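Overview (structure and organization)
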Amino acid sequence: MRVFGYIKNLRFDGNGNSLIGLYVQDTSQFELDNIIGCSCIDREYLIDKKGKTGSAVVLANNMRFTNGYEYGLNNCKENSVAMYIDSPDSHYENVVTLGYKDHIILNSLNFMNKIHSWNYKEDTINESCMFKIGAQAVLTDVYSDTLQTMFDITGTGSVDCVNPIFFLNGDFYKTTHNKPTPIIVSDDFVKKMKNNIVF
């Protein structure tokens, strides 16, 4: 049975001990609003197709996830991910992620609007990525702020993006380890997609 409902005004702190902050399963027409989370070991937000019926059609607005604590980014977890989304047909709007190596992993068709991902510590800037995309994605007004890579595209669906902004803050991006690479696409992806990447 799928769950229909909503979660509003939720704040959670993994305190470096919790594996996952918010795990959504078996939902449809589910709403999330004003969700703030931080300091989970693995993922702040996870939605997947596991469970008895899978999940689809989540409508989410006003979400903020921080790796560690915002002031000084203490207690950061190296492999923590802000959002891991493997459930289709959902809409995410007004999302901020701070301090992750991998900010958002998309493995199903989803729509995202007004997303701001940023880092300001060198140990999280090196090899950082805003979007790892393994499926179809429709993105609008997405802002990569001082991350090494904005898009790492390895899937087989189309990626439509309107008004992406890739910005590097010179005060923080002082790394000599890696050069900025705004877009990474696999050779296999390019062969399959050809002209289906729209910016």
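What comes next is a walk through the structure.

Conventions adopted
Residues numbered from 1 in each chain as written. Predicted model: local features only at pLDDT ≥ 70, side-chain atom pairs only at ≥ 80, totals over all residues. Heavy atoms only, no water. Helix = DSSP H or I, 4+ residues; strand = E, 2+ residues; numbered from the N terminus. Buried < 20%, exposed > 50% of the residue type's maximum accessible area, 1.4 Å probe, protein only. Contact = heavy atoms within 4.5 Å. Areas by Shrake-Rupley, 256 points an atom, 1.4 Å probe, with all protein chains shown as cover. Polar contact = N/O pair within 3.5 Å; in protein donor to acceptor, adjacent residues only side chain to side chain. Pairing = 2+ DSSP bridges. Salt bridge = Lys/Arg side-chain N within 4 Å of Asp/Glu carboxyl O.

1. Side note on the overall build of the protein chain
A tally of helices and strands in the protein chain yields two helices and 16 strands. Looking at the protein chain as a whole, 46% of its 199 residues qualify as buried. Considering only contacts within the protein chain whose residues lie at least 6 apart along the sequence, 58% involve residues at least 24 apart. Carbon and sulfur atoms make up 50% of the accessible area of the protein chain, which totals about 9,500 Å².

2. Here we look at the side chain of Gln148
Within the secondary structure, Gln148 is located in the loop between strand S11 (137-145) and strand S12 (149-153). Looking at Gln148, its side chain comes within polar contact range of the main-chain nitrogen of Glu127, at 2.6 Å.

3. Concerning the pairing of strand S8 (residues 102-106)
Regular strands show a simple pattern: their side chains alternate between the two faces of the sheet. Most of S8 is tucked away: five of the five residues are buried. Judged from the four bridges that link them, strand S6 (residues 81-85) and S8 form a sheet pairing that is parallel. From the neighbouring strand, Val81 faces S8, where its bridge partner is Asp102. Across four bridges, S8 lies against strand S10 (residues 129-133) in parallel orientation.

4. Things to note about the pattern of salt bridges
Across all of its chains, the model carries two salt bridges by this definition. The closest approach of N and O atoms between Arg43 and Asp42, which form a salt bridge, is 3.1 Å. With relative accessibility at 23%, the residue Asp42 sits in the partly exposed group. In this structure, the salt-bridge partner of Lys132 is Asp102, at a minimum N-O distance of 3.4 Å. Remark: Asp102 occurs in strand S8 and Lys132 occurs in strand S10; sequence separation between them is 30 residues. For Lys132, a relative accessible area of 29% translates into the label partly exposed.

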